[in-house]
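Overview (structure and organization)
Residue-level listing of the chains:
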Amino acid sequence: MAKIDLDALSIEELASLRDDATLKLSEKVAARQAELEAELAALSRYGKPAKKAGADSRSDGKTRDGVAKDVGAKEAATKAA
């Protein structure tokens, strides 16, 4: 890869370089994500289905932000019994 003398570039050229780099990075991330999703789909044929991104698998009774899930109904049933 060619070295770029960033100090020699104007503000407009630097902004353009940033925009080009951001675009290229987005393209590469999207391509890699598609590859990984295809790999997950292929692997899911051999076992349980792959979890979707963002799925909450916590079993400690709390949500992602650390707030306890609503367990009031369970506690009420336990006290009534």
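So, here's what we can say about the structure. (Residues numbered from 1 in each chain as written. Predicted model: local features only at pLDDT ≥ 70, side-chain atom pairs only at ≥ 80, totals over all residues. Heavy atoms only, no water.)

Secondary structure assignment for the chain yields two helices and zero strands. For the chain, the proportion of its 81 residues judged to be buried stands at 0%. Only carbon and sulfur atoms are counted for the fraction: they give 59% of the accessible area of the chain, which is about 7500 Å². (Helix = DSSP H or I, 4+ residues; strand = E, 2+ residues; numbered from the N terminus. Buried < 20%, exposed > 50% of the residue type's maximum accessible area, 1.4 Å probe, protein only. Areas by Shrake-Rupley, 256 points an atom, 1.4 Å probe, with all protein chains shown as cover.)

Taken as a whole and assessed by the stated rule, the structure comprises three salt bridges. A salt bridge links Asp 19 to Arg 18, with the nearest nitrogen and oxygen atoms 3.2 Å apart. The exposure class assigned to Asp 19 is partly exposed, which follows from its relative accessible area of 42%. The exposed category is assigned to Arg 18, whose relative accessible area is 54%. Linking Arg 32 and Glu 35 is a salt bridge whose minimum nitrogen-to-oxygen distance equals 3.1 Å. In this pair, Arg 32 and Glu 35 both sit in helix H1 (residues 11–44), three residues apart, roughly one turn of the helix. Glu 35 gets classed as partly exposed once you look at its relative accessible area, which sits at 46%. (Salt bridge = Lys/Arg side-chain N within 4 Å of Asp/Glu carboxyl O.)

The grouping of Ile 4, Leu 6, Leu 14 and Leu 17 at the surface amounts to a nonpolar patch, some 310 Å² of accessible area in total. Assignment of secondary structure puts Leu 14 in helix H1. The exposure class of Leu 14 is partly exposed, given its relative accessible area of 32%. (Patch = residues over 30% accessible without salt bridge, like charges linked within 9 Å, V, L, I, M, F, W, Y side chains within 5 Å.)

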